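Below are the chains, spelled out letter by letter.
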Amino acid sequence: MHLTAQTHYQAELDAGRFCLQHCPQCQHHVFTPRELCPHCGASPLRWVRASGLGTVYSTTTIARKADAGGNYNVALIDLDEGVRMMSRVEGLAPEAVRIGQRVQAHVAQKDGRGLVLFQPAAQGGAA
């Protein structure tokens, strides 16, 4: 049975693995999951493990009442593989997340489903 690209991506996350697609023809990484390469139209795309390293491209703080969970951060992250994704940076106050900050991804579980979150990267950019 063929899984859609999005279903495959979520299954990898549910298993604790952060994967991206990679085009063997033009060598670009692809995100969000797709059936065809958006750069050259090739198919099929390969699944590869993401390094998880990236840089905060933009950030905002969403304000919520404390009884609703408090403020949280939403950020666009430019992964070292050349794709951009939306997520959260955790491990510091939402207002402390800065554009240009190096971050490292990890897969967290919420309600039995995997999702990609980020935390500040160790000095030197590797974790």
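Under an unreviewed UniProt entry, the name given to the chain is DUF35 domain-containing protein, and the source organism is Acidovorax delafieldii 2AN.

**Student:** Help me understand the overall build of the chain, please; the structure alone is not making it clear to me.
**Tutor:** Within the chain, the regular secondary structure consists of one helix and eight strands. Starting at the N terminus and walking to the C terminus, you meet the elements of the chain as α-β-β-β-β-β-β-β-β. Principal-axis analysis of the C-alpha atoms places the extent of the chain at approximately 45 × 35 × 25 Å. A total of 127 residues make up the chain; the buried ones form 36% of that total.

**Student:** I would appreciate a short explanation of the sheet that holds strand β3 (residues 46–49) in the present structure.
**Tutor:** Two orientations exist for strands paired in a sheet by backbone hydrogen bonds: parallel and antiparallel. Across the sheet, which stays open at both edges, the three strands sit in the order β2-β1-β3 with antiparallel pairing between neighbours. Looking along the sheet, the strands with just one partner apiece sit at the ends: β2 (29–30) and β3. Sheet topology note: the strand β1 (residues 19–22)/β2 ladder contains two bridges and is antiparallel. Bridge pairing in β2 places Q21 opposite V30.

**Student:** How do you make sense of the sheet that holds strand β7 (residues 102–110) when you look at a structure like this?
**Tutor:** Pairing is antiparallel in the open sheet, where five strands are placed in the order β6-β5-β4-β7-β8. Every other strand in the sheet has two partners, leaving β6 (84–87) and β8 (113–120) as the edge strands with one partner each. On average, each strand axis in the sheet is tilted by 35° relative to the strand beside it, whichever way the strands run. Pairing analysis gives eight bridges linking strand β4 (residues 53–62) to strand β5 (residues 72–79), with the strands arranged antiparallel. Residue pairing across strands places G54 opposite L79, the latter belonging to β5. Here helix α1 (residues 5–14) sits on the sheet in contact with β6, β7 and β8, set at roughly 70° to β8.

**Student:** Help me understand the side chain of N73, please; the structure alone is not making it clear to me.
**Tutor:** Mapped onto the secondary structure, N73 falls in strand β5. Given a relative accessible area of 2%, N73 falls into the buried group. A polar contact of 2.6 Å, which involves the side chain of N73, links it to the side chain of T59. Polar contacts involving the side chain of N73 include one to the main-chain amide nitrogen of V89, which spans 3.1 Å. What N73 contacts, discounting residues up to four positions off in sequence, is T59, T60, S87, R88, V89, P94 and V97.

**Student:** Which parts of the structure should I look at to understand the nonpolar core?
**Tutor:** Within soluble globular proteins, side chains that are nonpolar tend to cluster in buried spots. Counting 18 residues, the largest nonpolar core has F18, I77, L79, M85, V89, V116 and F118 as the members making the most contacts within it. Looking at this core, the elements that each hand over two or more residues are α1, β5, β7 and β8. V89 has contacts with V56, N73, A75, I77, V97, V103, F118, Q119 and P120, leaving out every residue within four places of it along the chain. In this structure, C23, V30, A42 and L45 belong to the second largest nonpolar core, which totals five residues.

**Student:** I keep staring at the UniProt feature "domain: ChsH2 C-terminal OB-fold" (unreviewed entry) in the chain and nothing clicks. Help me out?
**Tutor:** When the UniProt feature table is mapped onto this chain, "domain: ChsH2 C-terminal OB-fold" (unreviewed entry) is found at residues 47–106. Counting secondary structure, residues 47–106 comes out at 0% helix and 50% strand; the distance between its end C-alpha atoms is 17 Å.

Procedures and definitions
- Residues numbered from 1 in each chain as written.
- Predicted model: local features only at pLDDT ≥ 70, side-chain atom pairs only at ≥ 80, totals over all residues.
- Heavy atoms only, no water.
- Helix = DSSP H or I, 4+ residues; strand = E, 2+ residues; numbered from the N terminus.
- Buried < 20%, exposed > 50% of the residue type's maximum accessible area, 1.4 Å probe, protein only.
- Pairing = 2+ DSSP bridges.
- Axes fitted to C-alpha atoms, helices over the stretch in contact; angles between N-to-C directions.
- Contact = heavy atoms within 4.5 Å.
- Polar contact = N/O pair within 3.5 Å; in protein donor to acceptor, adjacent residues only side chain to side chain.
- Core = buried A, V, L, I, M, F, W, Y, C linked by side-chain atoms within 4.5 Å.
- UniProt positions renumbered as here; feature names shortened; annotations may be inferred.

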